[in-house]
Amino acid sequence: MLKPLGDRVVVKFEEVEEQTAGGFVLAGKSHEATKKATVVAIGQGLRTLNGDLIAPSVAVDDLVLVENGAGIDIKDGDEKLAIVRESDILAILG
């Protein structure tokens, strides 16, 4: 399993399928501003200039809202994941 560094967070995006009137399935809505994701792993957080650790605001298994296009897509085995900065996470859902 991946262990992100600093303020980075590993997330798994929800696969959203959109179906057209003709029955074609589109992989996802590229025009949406945000995506839902589940937090898979979190880094230790950021350090201030004097060395204090600021813990992340999210926890593993949180359902979050992430900016569309944020982060780097990666593959861990057969799983498609993404590494995003905590600042790219807009909200915790639920």
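Please read these numbers as outputs of a predicted model, since none were measured by experiment.

Draft legend 1. Structural view of the overall build of the protein. Scanning the protein from N- to C-terminus turns up 0 helices and 10 strands. Listing the helices and strands of the protein from first to last along the sequence gives β-β-β-β-β-β-β-β-β-β. Total accessible area on the protein is roughly 6,400 Å²; 52% of this is exposed by carbon and sulfur atoms.

Draft legend 2. Structural view of the side chain of Asp7. Relative to the assigned elements, Asp7 resides in the segment before strand 1 (8-13). Side-chain polar atoms of Asp7 contact the side chain of Arg85, separated by 2.9 Å. Excluding anything up to four places from it in sequence, Asp7 contacts Gly45, Leu46, Val84, Arg85 and Glu86.

Draft legend 3. Layout of the sheet that holds strand 8 (residues 72-76). If you walk across this open sheet you meet the 6 strands as 8-9-1-4-7-10, and the pairing is antiparallel. On the outer flanks of this sheet lie strand 8 and strand 10 (89-93), each paired with one strand and no other. Within this sheet the neighbouring strands show an average axis-to-axis angle of 45°, counted without direction. Sheet analysis places strand 1 next to strand 4 (residues 34-42), joined by 5 bridges and oriented antiparallel. What sits directly across from Val11, in strand 4, is Val39.

Thresholds applied
- Residues numbered from 1 in each chain as written.
- Predicted model: local features only at pLDDT ≥ 70, side-chain atom pairs only at ≥ 80, totals over all residues.
- Heavy atoms only, no water.
- Helix = DSSP H or I, 4+ residues; strand = E, 2+ residues; numbered from the N terminus.
- Areas by Shrake-Rupley, 256 points an atom, 1.4 Å probe, with all protein chains shown as cover.
- Polar contact = N/O pair within 3.5 Å; in protein donor to acceptor, adjacent residues only side chain to side chain.
- Contact = heavy atoms within 4.5 Å.
- Pairing = 2+ DSSP bridges.
- Axes fitted to C-alpha atoms, helices over the stretch in contact; angles between N-to-C directions.

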